Amino acid sequence: MTLTIYQDDKSIRDDDTLFRRVHLKQIVKDEDTGLARVSSGAFKDKDLSVNIKSVLDGIGLGPEACITNRLNQKLVSLTAGEARRLNQAVCRNPLPENPSHGLVYGSKNARSILNGLTAAVNWVIPAKAPCYQDIEVEKRANGI
Amino acid sequence: MPRSPRALTENQFDSGYEYPETSSAALTRVPKAFVISTREKFNRFVVTTSELPGWVEPTISAISSIQLLGENWDSYGGKKTSDDLIKLALSILTQIMPVNAPVPSVVPLGDGGLQLEWHRKQQDLEIVFPADTTPTFYYCKKNSGVETEGFATDFLKLATFVGSIS
């Protein structure tokens, strides 16, 4: 078994934005506000895949490219600096079909890290937290 | 072909297959027990209860829907949710949930685990069933900032927290 340890890449600036797709099944209801929120379960991968905005910019793509043809996905973001403050390494991991692919790498077992990541993310598509009812309607419409 | 929940009898409920033909009222007429099973019918949980709690049907429906997710369901290589973990999650729920308990959100995890969670009454409660480690819980009371973590086998604590959000 090969164990890969990723190093933080300082060429990714702290203010660079990292996009992460979120499946509708990972969006839950905040019953106090009626708004949708992203479950902490969406951020548990040790090597959390993201798309790096500066790379997307360089190839002329916007954030919507991250969820093109992905019916059941929404898009959220956090900055590289926020990830680093939570003891995560941020690195490039380009794939042939996705040159902007990167990783937020590190253990996310500690609750402080998981809560920090969950709190740090901003909605991108849609631009703000939707009513959970709208998410539920979409889930039903998509048969999930 | 995957199927959704259906009533087996008026006091039994099978999580894997077809919705009941009538509403849940049909299930709540005189039930003394209900059965929750996953795809393998021989793995059933029988819980004796004076009534079918309101959280059961929507929870089973949510669990059934995550059972239908295929490999790579999240586009990041997400694995199918393990039937064993579903059984474990249901087993724990039946031991900690009062009749009036609110329905949990059922969230699949990328590693094939699942998570049950509630965010209400200024409290967060999450019960996490990872694919390869011991299930745990996390509770937070936002107003006081009190946070508690532990193993999901601590039914007494979990029941207290579920009671607090009910």
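What you see is a predicted model; the values in this text were computed from it and never measured.

### Overview of the overall build of chain B
Right, so step 1: In terms of regular secondary structure, chain B is built from three helices and nine strands.
Right, so step 2: The linear arrangement of helices and strands in chain B, starting from the amino end, is β-β-β-β-α-α-β-β-β-β-β-α.
Right, so step 3: Across the 166 residues in chain B, those meeting the buried criterion constitute 35%.

### Structural notes on the overall build of chain A
Right, so step 1: Assigned secondary structure in chain A consists of four helices and eight strands.
Right, so step 2: N-terminal to C-terminal, the α/β element order of chain A is β-β-β-β-α-β-α-β-β-α-β-α.
Right, so step 3: Taking 15 Å as the expected radius of gyration for a compact globule of 144 residues, we find that chain A reaches 15 Å, a close match to that expectation.
Right, so step 4: Its C-alpha atoms give chain A principal-axis dimensions of roughly 40 × 35 × 35 Å.
Right, so step 5: Classification of the 144 residues of chain A by burial places 35% in the buried group.
Right, so step 6: Relative to all contacts within chain A whose residues are 6 or more apart in sequence, the contacts with residues 24 or more apart total 77%.

### Brief notes about the sheet that holds strand E6 (residues 114–120) of chain B
All names here are of chain B.
Right, so step 1: One open sheet holds the five strands; their spatial order is E5-E6-E7-E8-E9, and the pairing between them is antiparallel. Two strands bound the open sheet, and with one partner strand each, they are strand E5 (105–108) and strand E9 (146–151). Between one strand axis and the next, the sheet turns through 15° on average, direction left out of account.
Right, so step 2: Here seven bridges tie E6 to strand E7 (residues 123–129), and the two strands are oriented antiparallel to one another. Along E7, the bridge assignment pairs Leu 116 with Ile 127.
Right, so step 3: Along the sheet face, helix H3 (residues 155–165) touches E6, E7, strand E8 (136–141) and E9 and points at about 140° away from the line of E7.

### Section: the pairing of E7(B)
One face of the sheet, then the other: side chains in a regular strand alternate in exactly this way.
All names here are of chain B.
Right, so step 1: Most of E7 is tucked away: six of the seven residues are buried.
Right, so step 2: Connecting E6 to the antiparallel partner E7 that follows it, the hairpin turn spans two residues, and Lys 121 within it adopts a positive phi of roughly 50°.
Right, so step 3: As paired elements, E7 and E8 share six bridges and run antiparallel to each other. Opposite Ile 127, over in E8, you have Phe 137 as the bridge partner.
Right, so step 4: Linking E7 back to E8 in an antiparallel pair, the connection comprises six residues.

### Let's talk about the environment of Pro53(B)
Residue and element names in this part refer to chain B.
Right, so step 1: Tracing the backbone through its elements, the reader meets Pro 53 in the loop between strand E4 (44–48) and helix H1 (56–67).
Right, so step 2: For Pro 53 and Met 97, which are 44 residues apart along the polypeptide, the C-alpha to C-alpha distance reads 8.8 Å.
Right, so step 3: Each residue touching Pro 53, except ones within four places of it in the same chain, is listed here: Met 97, Val 99 and Ala 101.

### With respect to the interface of chain A and chain B
Right, so step 1: Each partner contributes residues to the interface: chain A has 20 residues there, and chain B has 20 residues.
Right, so step 2: Among the elements of the structure, strand E1 (17–23) and strand E2 (27–29) of chain A are those that each provide at least two residues to the side of chain A that touches chain B.
Right, so step 3: Within the side of chain A that touches chain B, the residues separate by chemical class into two nonpolar, seven polar and 11 charged.

### Comments concerning the sheet that holds strand E6 (residues 89–92) of chain A
All names here are of chain A.
Right, so step 1: Across the sheet, which stays open at both edges, the six strands sit in the order E6-E7-E4-E1-E5-E8 with antiparallel pairing between neighbours. Bordering the open sheet on either side are E6 and strand E8 (122–125), each of which pairs with just one other strand. On average, adjacent strands in this sheet sit at an angle of 40° to one another, irrespective of strand direction.
Right, so step 2: Across three bridges, strand E5 (residues 73–79) lies against E8 in antiparallel orientation. The residue of E8 that forms the bridge with Val 76 is Trp 123.

### Regarding the nonpolar core
Right, so step 1: Within the largest apolar cluster, 55 residues are counted, with the highest numbers of intra-cluster contacts made by Leu18(A), Val50(A), Ala83(A), Val104(A), Ala89(B), Leu114(B) and Val162(B).
Right, so step 2: Broken down by element, the residue count for this core peaks at five residues, all from helix H2 (residues 83–96) of chain B.
Right, so step 3: Excluding residues that lie within four positions of it along the chain, Leu114(B) makes contacts with Ile66(B), Thr81(B), Leu85(B), Ile86(B), Ala89(B), Val106(B), Val107(B), Pro108(B), Leu109(B) and Phe129(B).

### Some details on the confidence of the model for chain B
All names here are of chain B.
Right, so step 1: Averaged over every residue, the pLDDT of chain B is 79; residues scoring 70 or more account for 69%.
Right, so step 2: This model gives residues 1–34 a pLDDT under 50, and the stretch forms 77 contacts once residues within four places in sequence are excluded.
Right, so step 3: Confidence drops under pLDDT 50 across residues 38–43; counting only partners more than four residues distant or on other chains, this segment forms 10 contacts.
Right, so step 4: Here the complex is predicted with pTM 0.85, and the ipTM for its interfaces comes to 0.93.

### Re H3(B)
Right, so step 1: Within the sequence span of H3(B), burial applies to Leu158(B), Phe161(B) and Val162(B). Each buried residue of H3(B) sits inside an arc of 100° when the element is viewed along its axis, so together they form one side.

Conventions we followed
- Residues numbered from 1 in each chain as written.
- Chains lettered and ligands numbered in written order.
- Predicted model: local features only at pLDDT ≥ 70, side-chain atom pairs only at ≥ 80, totals over all residues.
- Helix = DSSP H or I, 4+ residues; strand = E, 2+ residues; numbered from the N terminus.
- Buried ≥ 20, exposed ≤ 12 C-beta atoms within 10 Å, placed from the backbone.
- Rg over C-alpha atoms; globule rule 2.2 N^0.38 Å.
- Contact = placed C-beta atoms within 7 Å.
- Pairing = 2+ DSSP bridges.
- Axes fitted to C-alpha atoms, helices over the stretch in contact; angles between N-to-C directions.
- Nonpolar A, V, L, I, M, F, W, Y, C, P; charged D, E, K, R; others polar.
- Core = buried A, V, L, I, M, F, W, Y, C linked by C-beta atoms within 7 Å.
- pLDDT = per-residue confidence, 0-100.
- Arc of directions from axis to C-beta.

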